[in-house]
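As a plain string of letters, each chain reads:
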Amino acid sequence: MEKPLLILDLDETLIRGQEMPLPEPHDMLLGPYFIYFRPHARSFLAAMGEPFRLGFWSSATLSYVGPICRQLMKGLPEPLFVWGRERCTERFDHFKRETYYAKDLRHIEKNGISLSRVLIVDDELRKVNRHYGNALIIRPFLGDVSDDELSKLESFLHSICRLEDLRRVEKGNWASHQPG
Ligand SMILES: [Mg+2]
């Protein structure tokens, strides 16, 4: 059986990028943005590359997404793909009265990957809500240095990565999952 696919969002999921610097040292500079990696991001990516194939999918532009993914994955195996806004679907949020970019997993199916073997991690439910069974919603990262979400997510993913149909796993309360 081929390894399942883990698709990761960037902003507020794996990193925080902002024009005003935080008190902590930044991990990289990109144009006007100070980029901060979420605590444990590199060890999470290193560990998850074993049981999963990794893909990055952000609703930002590729000129932002590309350099950040290269830095995050430095010394680690190449991800399966790095996608940006051009693969997102523009939608209108009638409550917030704003446009946003959703991630439609039919793009994944078109590449011959069964959605039973796909998980997508994002801090915004609306971007993935047509694929509720595949989605793991993570608390947004805004720069808190004591943030521990990625180590919790790592142990949860280890506990489910061998299951045949990942859509059948209850994910609503994954953060309260305790290993063992
Ligand atoms: Mg995000």
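You'll find the structure just up there.
The following refers to the structure shown. (Residues numbered from 1 in each chain as written. Predicted model: local features only at pLDDT ≥ 70, side-chain atom pairs only at ≥ 80, totals over all residues.)

### Focus: the sheet that holds strand 4 (residues 33-37)
Pairing within the open sheet is antiparallel, and its three strands lie in the order 2-4-3. Where the open sheet ends on each side, the last strands, each with one partner, are strand 2 (15-18) and strand 3 (28-30). When strand polarity is set aside, the average angle formed by the axes of neighbouring strands in this sheet is 25 degrees. Relative to strand 4, strand 3 is paired through three bridges, and the arrangement is antiparallel. Paired with M28 across the strands is I35, a residue of strand 4. (Pairing = 2+ DSSP bridges. Helix = DSSP H or I, 4+ residues; strand = E, 2+ residues; numbered from the N terminus. Axes fitted to C-alpha atoms, helices over the stretch in contact; angles between N-to-C directions.)

### Description of the pairing of strand 9 (residues 118-122)
Burial within strand 9 is extensive, with five of its five residues counted as buried. Burial along strand 9 is two-sided: V118, I120 and D122 facing one way and L119 and V121 facing the other are all buried. Two strands pair when backbone bridges link them, and strand 1 (residues 5-8) and strand 9 are joined in this way by four bridges, in the parallel orientation. By the bridge assignment for strand 9, L6 is matched with L119. Note that strand 9 and strand 10 (residues 135-137) share three bridges and pair parallel. (Buried ≥ 20, exposed ≤ 12 C-beta atoms within 10 Å, placed from the backbone.)

### Structural notes on the nonpolar core
Core analysis: the largest hydrophobic core is formed by 37 residues, its most contacted members being L6, I7, V118, L119 and I120. When contributions to this core are tallied by element, the ones reaching two or more residues are strand 1, strand 4, helix 1 (41-48), strand 5 (53-57), helix 2 (62-72), strand 9, strand 10 and helix 4 (149-160). With sequence-adjacent residues up to four places away left out, L119 is seen in contact with P4, L6, I7, N134, L136 and L166. (Core = buried A, V, L, I, M, F, W, Y, C linked by C-beta atoms within 7 Å. Contact = placed C-beta atoms within 7 Å.)

### Examining the pairing of strand 4
Both faces of the sheet carry side chains from a regular strand, because those side chains alternate between them. Where strand 2 meets strand 4, four bridges bridge the pair, whose relative direction is antiparallel. Note that in strand 4 the partner of I15 across the bridge is F37. What sits between strand 3 and strand 4 in their antiparallel hairpin is a turn of two residues, with G31 showing a positive phi close to 55 degrees.

### Some details on the packing of helix 1 against helix 4
Direction vectors running N to C along helix 1 and helix 4 enclose 10 degrees, while the axes themselves pass 9 Å from each other. Judged on the interaxial angle alone, helix 4 and helix 1 are roughly parallel. For the crossing formed where helix 1 meets helix 4, the hand is left-handed. Taken together, the residues of helix 4 that come into contact with helix 1 (itself represented by A41, F44, A47 and M48) are L150, E154 and L157. Per-class residue counts for the contact of helix 1 with helix 4 are six nonpolar, no polar and one charged. (Parallel < 35°, antiparallel > 145°, perpendicular 65-115°, else oblique. Left-handed = near helix turned anticlockwise from the far one by under 90°. Nonpolar A, V, L, I, M, F, W, Y, C, P; charged D, E, K, R; others polar.)

Don't take any of this as a statement about function, it's just geometry.
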